[in-house]
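# Coordinate analysis (summary)
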Amino acid sequence: MKHVIFLGLLLLGCISYAQSGGSGFGIKAGVNYSNTGKISIDDITTLQPDGKLGYHVGIWGRLGDRAYMRPELVFTQINSSYSGEGFDEDFKMQKLDLPILFGHKFLRIFHGFIGPAFQYVLKTDLKDIELSDVENEFTVGFQIGGGVNFGKIGIDLRYERGFSPNYINLIGDVEGVRLDTRPTQLILGLSYKF
């Protein structure tokens, strides 16, 4: 939790700097098509997830003009479903994301970006099955994407992937089974600059 507090304070500092430096800050929201990693039933059998729609809402700051840094603090809900081997379950995960994106603007309205995405897992839920705590509440991934700005309104599309597996064990009649919570997402976002 102290990682999240530190990263949140870093974001607030960047937003304050952006406000005084004239770069900008704002709010964002959107949808994400996502899934998590596989369910490992034994050394041979695995279940691959089916992606589902989720959502995200958050704040962002931008430092710089043509070349820029854009930290964000975003609440995200990821949804996946698993079918087969006696399973037919929906998985939900809620997390706080702090992407630190480095980008470049071109042709006045277009921009591309890439950077690390720090993640703090808040809650996991697999319908009708009890779960243990996730191995690591704090993980790191990356995001890459691009977008277009029309005045104060921005639209972007990005891809996110977690770097390493982050397992959670299923408890009860399904002991020995574990689920990789590492996200893979396509994220469509709409932002507004104040």
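It should be emphasised that the depicted structure is a prediction, and the values quoted were computed from it without experimental measurement. Counting starts from 1 at the beginning of each chain's written sequence and moves along it residue by residue. In view of the model being predicted, local features appear only for residues whose pLDDT reaches at least 70, and side-chain atom pairs are presented and counted only at 80 or more, with totals across whole chains, interfaces and linings using the full set of residues. Hydrogens are left out, water is left out, and the side-chain values use all remaining heavy atoms of the structure.

## What to know about the packing of aromatic side chains
Pairing of aromatic side chains requires ring centres within 6.5 Å, counting the rings of Phe and Tyr and the six-membered ring of Trp. Pairs whose planes differ by under 30 degrees are stacked, by over 60 edge-to-face, and all others tilted. Tallied over the entire structure, the rule returns 7 aromatic pairs. Members of the aromatic cluster, joined through ring pairs, are F25, Y192 and F194. By the criterion adopted, a ring carries a charge over it if an Arg CZ or a Lys NZ lies within 6 Å of its centre and within 35 degrees of its normal. One residue, R70, lies across the ring of W60, its end atom 4.2 Å from the ring centre. Positioned over the ring face of Y167 is R178, at 3.7 Å from the centre of the ring.

## Focus on the pairing of strand β4 (residues 50–61)
In the sheet, strand β1 (residues 25–35) pairs with β4 via 10 bridges, with the strands oriented antiparallel. Counterpart to V31 in the pairing with β4 is Y55. Examined bridge by bridge, β4 and strand β6 (residues 67–84) share 8 bridges and lie antiparallel to one another. The residue of β6 that forms the bridge with W60 is E72. Strand pairing follows a simple DSSP-based rule, namely that at least 2 bridges must link the two strands. What counts as a helix is a DSSP run of H or I of at least four residues, what counts as a strand is a run of E of at least two, and both are numbered from the N terminus.

## Side note on the nonpolar core
Definition used in this section: a nonpolar core is a set of buried Ala, Val, Leu, Ile, Met, Phe, Trp, Tyr and Cys residues joined via side-chain atoms within 4.5 Å. To sort residues, take the accessible area from a 1.4 Å probe on protein chains only and compare it with the maximum for the residue type: under 20% means buried, over 50% means exposed, and anything in between is partly exposed. Formed by 16 residues in total, the largest nonpolar core has its most connected members in I39, F87, F91, L170 and L179. Elements supplying a minimum of two residues to this core: β6, β7 (87–106), β8 (110–126) and β12 (167–171). For this core, the element with the most residues is β7, which contributes 3 residues.

## Some thoughts on the pattern of salt bridges
The rule for a salt bridge is simple: a side-chain nitrogen of Lys or Arg has to be within 4 Å of a carboxyl oxygen of Asp or Glu. Tallied over the entire structure, the rule returns 9 salt bridges. With its nearest N and O atoms 2.7 Å apart, the salt bridge here joins D97 to K95. Like D97, the residue K95 is buried in the burial classification. Residue E160 is joined to K95 by a salt bridge in which the shortest nitrogen-to-oxygen separation is 3.1 Å. In this pair, E160 is assigned in strand β11 (residues 153–162) and K95 in strand β7, connecting sequence segments 65 residues apart. For E160, a relative accessible area of 0% puts it in the buried group. Of the residues examined, K95 reaches a relative accessible area of 0% and is grouped as buried. Look at the salt bridges and you will find they share partners, linking K28, R70, E72, D156 and R158 into a network.

What is shown is where atoms sit, not what they do.
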